[in-house]
Amino acid sequence: MRLISFSRRDSTQATFTEAAVREVLTRELDDVLKRVRRLDAALRSEATASVAGATAADVFEQAQSVAMREARRVSVQRLTDRVRRLRAALARLDDGRYGQCDQRDAPIEARRLRALPDATTCVRCQHAGELDRRMRR
Ligand SMILES: [Zn+2]
């Protein structure tokens with residue numbers, strides 16, 4: 001069984017088995033896909049309902065359902081992005097790049113990967129990236 005070693009600075013757990021990481025990623029991907037499908041179905045049935053009941057609904061209700069649809073659409077977008085990131089993480093696991101920082105030759109901290117298994121950067125590069133984005137605004 002292949003072991004992936006992460007940052008040695010994290011003394012609590014320096015290695016995970018590839019199978020354990022794959023299980024976490026796959027389970028999360030399944031979960032996110034289910035949520036996307038549910039939201040998608042809700043959006044679709046709402047679209048039909050609002051066409052059918054357009055004359056009956058008052059302005060307030062319409063505004064409310066528009067806001068709700070918009071919130072659902074944003075959620076779908078966010079979850080779709082997460083699906084893409086989880087699939088990318090599984091691909092990195094396949095070709096042995098999982099747990100390596102994208103920005104420099106360094107392992108991603110185990111603590112960070114436990115919190116965010118699809119992370120592509122170490123804590124230092126993540127912070128540098130956030131600072132960079134904030135300064136460009
Ligand atoms: Zn880094």
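Everything numeric in this text was worked out from a predicted model, so none of it was measured. (Residues numbered from 1 in each chain as written. Predicted model: local features only at pLDDT ≥ 70, side-chain atom pairs only at ≥ 80, totals over all residues.)

Engineer: Give me the overall build of the protein: which residues, what numbers.
Structural biologist: Tallying secondary structure elements over the protein gives four helices and two strands in all. Ordered by position from the N terminus, the helices and strands of the protein form the series β-β-α-α-α-α. With 137 residues in all, the protein has 15% of them scored as buried. Partitioning the intrachain contacts of the protein with sequence separation of at least 6 by distance along the chain shows that 57% fall at a separation of at least 24. (Helix = DSSP H or I, 4+ residues; strand = E, 2+ residues; numbered from the N terminus. Buried ≥ 20, exposed ≤ 12 C-beta atoms within 10 Å, placed from the backbone. Contact = placed C-beta atoms within 7 Å.)

Engineer: I'd like a rundown of helix 4 (residues 123-136), residues and numbers included.
Structural biologist: For helix 4, spanning 14 residues, the distance from its first C-alpha to its last is 20 Å, which sits close to the expected 20 Å at 1.5 Å a residue. Burial analysis of helix 4 places just zero of its 14 residues in the buried class, which makes it a mostly uncovered element. (Expected span 1.5 Å × (residues − 1).)

Engineer: Account for the confidence of the model for the protein, naming residues and giving values.
Structural biologist: Per-residue pLDDT for the protein has a mean of 84; in total, 82% of the residues score no lower than 70. Across the protein, helix 2 (residues 59-94) holds the top mean pLDDT of 91, while strand 1 (residues 3-5) sits lowest at 63. A low-confidence stretch, residues 7-13 stays under pLDDT 50, and its non-local contacts, those more than four residues away or across chains, total 10 contacts. (pLDDT = per-residue confidence, 0-100.)

Engineer: Account for helix 2, naming residues and giving values.
Structural biologist: Helical geometry: 3.6 residues make up each α-helical turn, so side chains three or four residues apart lie on a common side. Helix length check: helix 2, at 36 residues, gives a terminal C-alpha distance of 52 Å against a target of 52 Å (1.5 Å per residue), a fit within 8%. The set of residues buried in helix 2 consists of Leu 79, Leu 86, Ala 89 and Leu 93. Gly 96 lies just past helix 2 and shows a positive phi near 80°.

Engineer: Could you give me a rundown of the nonpolar core, with the residues and numbers involved?
Structural biologist: Ranked by size, the top nonpolar core spans seven residues in total: Phe 16, Val 21, Leu 25, Leu 86, Ala 89, Leu 93 and Tyr 98. Of all elements in the fold, only helix 1 (18-52) and helix 2 reach the threshold of two or more residues within this core. Considering every element that reaches this core, the biggest residue donor is helix 2, with three residues. Those residues in contact with Ala 89 that lie beyond four places of it in its chain are Leu 25, Tyr 98, Pro 117 and Asp 118. Grouped together as the second largest cluster of nonpolar side chains are six residues, Cys 101, Ala 110, Leu 113 and Cys 122 included. (Core = buried A, V, L, I, M, F, W, Y, C linked by C-beta atoms within 7 Å.)

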